[in-house]
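Observations on the three-dimensional arrangement
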Amino acid sequence: SSPKEKICNFTHEGAMIEEDQDLIDQSPPPPDPNPNPNPTIHPRRVSFEHGLLPIQKLVFADPIQTLAPVKQKLADAASNNRVGSGAIADALQISGDHARLVLETLGSVLHSEGDPLVGAKPEEVESVGADLRDLVLFLYIQSYKKLLPRTHKDSAAVADVWPSTSAFDGYLSALSPIQANNSRRFMPSQADDEAHQLSYLQKHLANIISLLAEPVEGEGEESLVLSMEAFEHLGFLVQFGDKGSDISPLSQATPFFANSDPDMPAVPVPASQVHDWLLQNIASALESITERISGKENGPSNASDQDDAMSDACEAPNKVAPSDRGPCLIEGVSKTSLVKQASDLRGRSVKVVNCHDSVIYLLAPLRYATVHGCSDTTIVLGAVGKALRVEHCERVHVIAAAKRVCIANCRECVFFLGVNQRPLIVGDNHKLQVAPYNTYYSHLEEHMSEVGVEATINKWDKPLALGAVDPHDSLSHPAGVADAQAESAACVDPDQFINFLIPNWFNGEEIGSTKDNPFPLPDPYMAAQQRNLKNLEETRQSLRETPLEENRKKELSSALHVYFKDWLYASGNIRQLYCLQGD
């Protein structure tokens, strides 16, 4: 047997004694002063994925030098440490529309659900404003450069899987044809992205902390301290925890603020101590992620390796990756239909990646949603309470009820929207169309209410086009293109507008109360719909009353079927018809 371990303690007289471990183990252990002694730090990815705006005046070459005076100017205009769009426009020298966009975007990615900006109604956003500390962190990360998409190990195999390519997407013109093909199809893995974001935070941590810290009275700028309240605002950028069990509030993950008496304000901590502790955690997390990535790259290939996602798509058409941390990943769906309901996705975030020639129904209340690199696909999203981003897609129809929508680098796509904020259009887009929301399912209004999407506000026809070049990508761009504006979207002709029918998959489940589209149709679209219905009925009546011989009736019926079949294939509705037949 192994020798007994000895424990050294001090008596109350100060003498040191030795006790057997056996005896120590008989008494109950003291409570752990820090219930999370080794928390794992993660970047808060939504801030980097949904919180970046391609507005040149917000992208600072030297963020700390630029933001220090901006912060002071904002502080001078603040009321209760909060600032509105007027002060933001003045301090940053941007338009009122762009200042409002800053507030709305910040509100969609804030870490604290209790912040009044998160739940503010459109008419309240200006009066509520933003917390100065959150705003400064939001402005700082506008200097972040995204990780370049990864190329596939076998480009020939990828070209064989994806039948059509086109090097149109914004920055894709700066890449070779093979890179252009792969860049839409292979977004960086979650581990790659997390490592890149942590590296950015590691490099800029000293500046970020200095923007939140305050000098000790009478000791000058050299002795900066960070209060627990200020520290909590770092939750905008980082979070601690594993397997979905994030530590909240953020201060409970630290050795210097954990278990502070709620009735007594915690003593501020030297900013250098916070900086060193966070750097140590980031370095440890980066080491772990690097080992994980290295193991995947050097180990044998397997079906779950994201590098092999395209080849897997043919073998596993409904590839849905569960995830304890981060969004649910729906990847590589091809030539099929996929249905996910609230029981699968409620309250989650979702990413739809590299899907082709399919119909995807995500009929659930969602927080965030991203659609990336899809083509010839219809995607129906239930209710998105924070933000929807659609990027690098071709010939995709997106039907969504959402608080906000951002469209980037897309081609020949149509968006049927019920959206509470102006749709944002950025990057190199071509032949985009927008239309009012055109469907419903029985639980839609319940899901909208759950995530805070308003049916009485629909700004589908007021898109806001920003820069054609994304200053957050990692590519160089030709001189003079930075100020070019993105191509906006045209409205679908009311005569071409049709409703989209969602089959009823709720057999055996409780049927919801929604019986119709909750977003009112604009008058021209309602009139066109009624006109089309009237024309259809008149055509039917005319056919019934036309005296034709039996063989002529068969010829007419055959011709109608041919035209209908051609329309089904040309419009892509053939896939939905298969769904209806299988229902």
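Shown above is the structure to which this text applies.
Residues numbered from 1 in each chain as written. Predicted model: local features only at pLDDT ≥ 70, side-chain atom pairs only at ≥ 80, totals over all residues. Heavy atoms only, no water.

The next thing to look at is the overall build of the protein chain. Looking only at helices and strands, one finds 18 helices and 23 strands in the protein chain. Partitioning the contacts of the protein chain with sequence separation of at least 6, the portion at a separation of at least 24 is 57%. Only carbon and sulfur atoms are counted for the fraction: they give 52% of the accessible area of the protein chain, which is about 28300 Å². (Helix = DSSP H or I, 4+ residues; strand = E, 2+ residues; numbered from the N terminus. Contact = heavy atoms within 4.5 Å. Areas by Shrake-Rupley, 256 points an atom, 1.4 Å probe, with all protein chains shown as cover.)

So, about the side chain of Ser349. With respect to the element layout, Ser349 can be found in the loop between α14 (342-345) and β14 (350-353). At 3.3 Å, the side chain of Ser349 forms a polar contact with the backbone nitrogen of Tyr368. Leaving out residues up to four positions away in the same chain, Ser349 has contacts with Pro327, Cys328, Arg367 and Tyr368. (Polar contact = N/O pair within 3.5 Å; in protein donor to acceptor, adjacent residues only side chain to side chain.)

Mapped onto the elements of the fold, Arg422 is located in the loop between β19 (414-419) and β20 (424-426). In sequence terms Arg422 and Leu101 are 321 residues apart; their C-alpha atoms lie 8.9 Å from each other. Not counting residues up to four positions away in its chain, the partners in contact with Arg422 are Asp97, Val405, Lys459, Lys462, Pro463 and Leu464.

So, on to the nonpolar core. Soluble globular proteins tend to pack their nonpolar side chains together in the buried interior. Counting 83 residues, the largest nonpolar core has Ile88, Leu135, Phe231, Phe236, Leu237 and Leu278 as the members making the most contacts within it. Of the residues forming this core, the biggest block, 10 residues, is contributed by helix α10 (residues 190-212). The contacts of Ile88, once residues within four sequence positions are left out, are Leu74, Val83, Gln93, Ile94, Ala99, Val102, Leu103 and Leu135. Counting 63 residues, the second largest nonpolar core, distinct from the first, contains Ala369, Val384, Cys410 and Val419. (Core = buried A, V, L, I, M, F, W, Y, C linked by side-chain atoms within 4.5 Å. Buried < 20%, exposed > 50% of the residue type's maximum accessible area, 1.4 Å probe, protein only.)

Topologically, Ala408 is positioned in strand β18 (residues 405-408). Overall, the relative accessible area of 2% leaves Ala408 in the buried class. Sequence spacing of Ala408 and His372 is 36 residues, and the spatial spacing of their C-alpha atoms is 9.6 Å. When residues no more than four places from it in sequence are discounted, the contact partners of Ala408 are Arg389, Val390, Glu391, His392, Val426 and Asn429.

So, on to empty space enclosed by the protein. Tallied over the entire structure, the rule returns six cavities of 30 Å³ or more. By volume, the second largest cavity amounts to about 100 Å³. Forming the walls of the second largest cavity are 13 residues, and the residues nearest its centre are His50, Arg389, Arg404, Cys406 and Leu424. Looking at the lining of the second largest cavity, the elements with two or more residues in it are α2 (45-50), β16 (378-391) and β18. Looking at the lining of the second largest cavity, the element that brings in the most residues is β16, giving three residues. (1 Å grid on protein atoms, 1.4 Å probe; cavity = no way out; pocket = protein on both sides within 12 Å on 5 of 7 lines; lining within 4 Å. Points joined across faces, edges and corners; volume = space filled by probe spheres on them.)

Right, let's talk about the pairing of strand β12 (residues 328-331) for a bit. Of the two faces of β12, both are covered, the one formed by Cys328 and Ile330 as well as the one formed by Leu329 and Glu331. Of the pairings in the sheet, the one linking β12 to β14 comprises four bridges and is parallel in character. Within β14, the residue paired with Leu329 across the bridge is Lys351. (Pairing = 2+ DSSP bridges.)

The next point concerns the packing of helix α3 (residues 63-77) against helix α4 (residues 85-92). In contact at an axis separation of 10 Å, α3 and α4 are set at 150° when each is read in the N-to-C sense. Between α3 and α4, the crossing angle belongs to the class labelled roughly antiparallel. Two packed elements cross with a definite hand, and for α3 against α4 that hand is right-handed. The segment α3 lies against α4, with Val70, Lys73, Leu74 and Ala77 engaging Ala87, Ile88, Asp90, Ala91 and Leu92. Class assignment of the residues belonging to the contact of α3 with α4 gives a composition of seven nonpolar, no polar and two charged. (Axes fitted to C-alpha atoms, helices over the stretch in contact; angles between N-to-C directions. Parallel < 35°, antiparallel > 145°, perpendicular 65-115°, else oblique. Left-handed = near helix turned anticlockwise from the far one by under 90°. Nonpolar A, V, L, I, M, F, W, Y, C, P; charged D, E, K, R; others polar.)

What follows deals with the packing of aromatic side chains. Per the counting criterion, the structure on display carries 13 aromatic pairs. Geometrically, the ring pair formed by Phe256 and Trp277 is edge-to-face, given 5.5 Å between the ring centres and 75° between the ring planes. Taken together, the residues span a long stretch of sequence, with Phe256 in the loop between β9 (245-246) and β10 (269-270) and Trp277 in helix α12 (residues 271-298) at a distance of 21 residues. Between Trp460 and Tyr525, the ring centres sit 5.5 Å apart and the planes meet at 90°, which makes this aromatic pair edge-to-face. Of this pair, Trp460 sits in the loop between α15 (444-451) and β22 (464-465) while Tyr525 sits in helix α16 (residues 523-545); the two residues are 65 residues apart in sequence, bridging distant segments of the chain. (Phe/Tyr/Trp six-rings, centres within 6.5 Å; stacked < 30°, edge-to-face > 60°.)

Of note in the backbone geometry, Lys335 takes a positive phi value of approximately 55° without being a glycine. For Lys335, a relative accessible area of 53% puts it in the exposed group. Look at Arg395: it is not a glycine, yet its phi comes out positive at around 50°. With respect to the helices and strands, Arg395 occurs in the loop between β16 and β17 (397-402).

Strand order in the open sheet formed by three strands is β6-β7-β10, and the pairing between neighbours is antiparallel. The outermost strands of the open sheet, each flanked by one partner alone, are β6 (214-215) and β10. Relative to β10, strand β7 (residues 224-226) runs antiparallel, the two sharing two bridges. Each residue of the ladder has a partner; that of Val225, found in β10, is Pro270.

The subject of this paragraph is the packing of α4 against helix α5 (residues 96-109). Close contact between α4 and α5 brings their axes to 8 Å; oriented N to C, the two are set at 115°. Considering how the two elements wind past one another, α4 and α5 form a crossing that is right-handed. Facing α4, whose interface residues are Ser85, Ile88 and Ala89, α5 presents Ala99, Arg100, Val102 and Leu103. Partitioning the contact of α4 with α5 into residue classes produces five nonpolar, one polar and one charged.

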